[in-house]
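Residues per chain, in single letters:
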Amino acid sequence: MASAISLAQLNAQLAQGTVAPLYVVVGEEDLLRDMVLGALKTALLGEGESDFNCDLFYGDDVSGAEIVTCASEVAVFAARRVVVVKAADKLPARECDAILPYLKEPNDSTAVIFVASKLDGRLKFTQALTKAAVTVDCSPLKEAQWLPWLKQDAERVGIRLN
């Protein structure tokens, strides 16, 4: 299993132009998950293109075949397409099985982002997904991480903290 990266490490990769066809955004911290998803969408689609080449699904309300079909489509008037699967931990096992072949050969012009608060590492789908995808850790920050994160986030919106 590949090691997970932080939001800061993801931002550094995106700034270098390094993008992957599969991402797993996992952790209990909702704000961090939303920030990671926003950073990915902005980097992959640009500022104004977020809706046209972006599809959003929820794990408890989608079939694996729908995800694969959508992810296999070519981007229209853009270099990339984004498919977001929120609540990926709610995907039924039979639907996960339909996605397994796609994980082995993902579409390079599409980024599929699986978002979940927690994934069951015992499942075949989770094991294949974490092996094939870039995993971004959105666990709650430890006390020592609060101040640097707060300063970085304040600077992002133009506020300098001393």
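The rules behind the values
Residues numbered from 1 in each chain as written. Predicted model: local features only at pLDDT ≥ 70, side-chain atom pairs only at ≥ 80, totals over all residues. Heavy atoms only, no water. Pairing = 2+ DSSP bridges. Helix = DSSP H or I, 4+ residues; strand = E, 2+ residues; numbered from the N terminus. Axes fitted to C-alpha atoms, helices over the stretch in contact; angles between N-to-C directions. Contact = heavy atoms within 4.5 Å. Right-handed = clockwise from strand over helix to strand, strands pointing away. Salt bridge = Lys/Arg side-chain N within 4 Å of Asp/Glu carboxyl O. Buried < 20%, exposed > 50% of the residue type's maximum accessible area, 1.4 Å probe, protein only.

What follows concerns the sheet that holds strand E1 (residues 22-26). Pairing in this open sheet of five strands is parallel, and the strands run E2-E3-E4-E1-E5 from one edge to the other. What marks the edges here is a single partner per strand, and that holds for strand E2 (54-58) and strand E5 (134-137). The mean angle between the axes of side-by-side strands here comes to 15°, regardless of whether they run parallel or antiparallel. Judged from the four bridges that link them, E1 and E5 form a sheet pairing that is parallel. Bridging from a neighbouring strand, Val26 pairs with Asp137 of E5. The sheet contacts of helix H2 (residues 30-45) involve E1, E2, strand E3 (81-86), strand E4 (110-116) and E5, and relative to E4 the element is tilted by about 175°.

We now examine the pairing of E2. Note that E2 and E3 share five bridges and pair parallel. Following the sheet pairing, Tyr58 is matched in E3 by Lys86. Each parallel crossover has a hand, and the one from E2 via helix H3 (residues 64-72) to E3 is right-handed.

All right, on to the pattern of salt bridges then. Tallied over the full model, the rule gives five salt bridges. The closest approach of N and O atoms between Glu95 and Arg94, which form a salt bridge, is 3.9 Å. Two residues, Asp120 and Arg122, come together in a salt bridge whose shortest N-O distance is 2.9 Å. Note on Asp120: relative accessible area 27%, which makes it partly exposed. Residues joined in a network through salt bridges with shared partners are Asp55, Glu73 and Arg81.

Don't take any of this as a statement about function, it's just geometry.
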